[in-house]
Amino acid sequence: MPLNAHLQSSTTSTISSITTQHHTSENTTSINTTSVDIANTHSVLTASKPLEGKATANKATDIKSIERKALRIGIAINILMVLAGYSIFMITGLKAMFLDASFTVISVVSGIIAVILSRKSGRTSERFPRGMFALEPMYAIAKAMFTLSLLIFAVLDASSVAVEWLLYGEGEPIKAGPVLVYEIITVLMCAGLLALYKHYDARIRGASTMLQAEMNSTFIDGAISLGIGIAALAIVLLPQNAAFAWIHYTGDFWITLVIALCAIKEPVGVLKAAFIELVGGVHTDSDVQRLVEEYAVQHIPEQTEFEQVLVFKTGMNYRIDVQLRAVGTHLDVVHMLACKRTLEHELTRQLGLVDVDFAFD
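Residues numbered from 1 in each chain as written. Predicted model: local features only at pLDDT ≥ 70, side-chain atom pairs only at ≥ 80, totals over all residues. Heavy atoms only, no water.

S.K.: Please explain the overall build of the protein as it appears in this structure.
M.R.: When its secondary structure is counted, the protein shows nine helices and eight strands. Residue burial in the protein is summarised as follows: out of 361 residues, 48% are buried. Carbon and sulfur atoms make up 62% of the accessible area of the protein, which amounts to about 17,400 Å² in all. (Helix = DSSP H or I, 4+ residues; strand = E, 2+ residues; numbered from the N terminus. Buried < 20%, exposed > 50% of the residue type's maximum accessible area, 1.4 Å probe, protein only. Areas by Shrake-Rupley, 256 points an atom, 1.4 Å probe, with all protein chains shown as cover.)

S.K.: Looking at this model, I keep getting lost on helix H8 (residues 286-298). Mind explaining?
M.R.: Owing to its 3.6 residues per turn, the α-helix brings residues three or four apart onto one side. In this model H8 runs 19 Å from its N-terminal to its C-terminal C-alpha over 13 residues, within 8% of the 18 Å that 1.5 Å per residue would give. Buried within H8 are the following residues: Val288, Gln289, Leu291, Val292, Tyr295 and Ala296. When H8 is viewed along its axis, its buried side chains cluster within an angular range of 165° and face the same direction. Turned more than 90 degrees away from the buried face of H8, the exposed residues are Asp287 and Gln298. Contacts from the buried residues of H8 go to strand S5 (304-314), strand S6 (317-326) and helix H9 (333-351). With a side-chain oxygen positioned 2.9 Å from the backbone nitrogen of Asp287, the residue opening H8 is Asp285. (Expected span 1.5 Å × (residues − 1). Arc of directions from axis to C-beta. Contact = heavy atoms within 4.5 Å. Polar contact = N/O pair within 3.5 Å; in protein donor to acceptor, adjacent residues only side chain to side chain.)

S.K.: What is the right way to read the sheet that holds S6 from this model?
M.R.: Within a beta sheet, neighbouring strands are joined by backbone hydrogen bonds and run either parallel or antiparallel to one another. As summarised here, the arrangement of the three strands in space is S5-S6-S8, forming an open sheet in which the pairing is mixed. The open sheet has two free edges, formed respectively by S5 and strand S8 (353-360), since each of these has just one partner strand. Adjacent strand axes in the sheet meet at a mean angle of 20° when their direction is disregarded. Note: S5 against S6, ten bridges, orientation antiparallel. Along S6, the bridge assignment pairs Val309 with Val322. Contacts from H9 reach S6 and S8, with the element oriented near 145° to S8. (Pairing = 2+ DSSP bridges. Axes fitted to C-alpha atoms, helices over the stretch in contact; angles between N-to-C directions.)

S.K.: Can you help me understand unusual backbone geometry in this one?
M.R.: Backbone geometry follows two general trends: most residues other than glycine have a negative phi, and most peptide bonds adopt the trans configuration. The phi dihedral of Gln303 is positive, around 65°, even though this residue is not glycine. Checked against the element boundaries, Gln303 lands in the loop between H8 and S5. With relative accessibility at 40%, the residue Gln303 sits in the partly exposed group.

Such coordinate-based values are descriptive only and should not be taken to indicate function.
Okay, here's the thing in structure tokens:
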């Protein structure tokens, strides 16, 4: 019968004469210890046991504060770009400008929501003893879906203007002058904000799903602005004669279409990653996997052999399953608890909020 041992404890109980048998055709493996008080080791014993709310909140405080700081800066910058973007849209009527400004609005609204979720997701209660970290991938999924919807809407809206000119010769030439100045400033601001997000993301080793979503949004916003700016420059430089008339009248549609096709990969990627987190899939970051394996191999208990590590991530919360194989006849539970505690401590220093579980199959 396979042994699946998950180390568990409570603050009021002691381990006394624990014996778990592992029968095979060749030997019998047992885990034994005698009357060991583990009242002070509750918070790090197992990922299967709910953690105390205060301890969990303290572990998440640093990375959450870094996340919120980055999000607040992004909100302030995006509000400025929204005001400027819609002003230019009202002047020029350019559909691509509407797409640009609307993406920035999404960034502002989602940034405010992200700050609120950043405060709430790490808190624990009797109903949510492990926190509400699933809110973070849910947020990323909602934002990615909204972004995809906006891309499709913008292309369809711009296409109607192009069709009217191509079929009926009706329309107005694009007013590119004010757009060019605005887009130069916007591209520089998006590049700076993206660099800022990446800096804070690197400080927390890419743990924030919400910050990843904001980086994706800022990249798309910057790409849209850059595309519009290049097109606006070309329209300003091209003469308004019959040979280039289609550019002056339908250029808005082509700009929007190219931007949408180039940008669609980013929200799809965020949607996929967030869905994997939400349904409990294995985390695929190779750097994190390699880091966890290096530490796990160094802290496996005696009388065991390392088999593999499975890393699961929900929002900022990492759950590590270290799968081991017993090679001796006796396993010391006290020693295993000490190894688990040390491994959790080391990984928490690197990743933020980590729960470790030793498992035997």
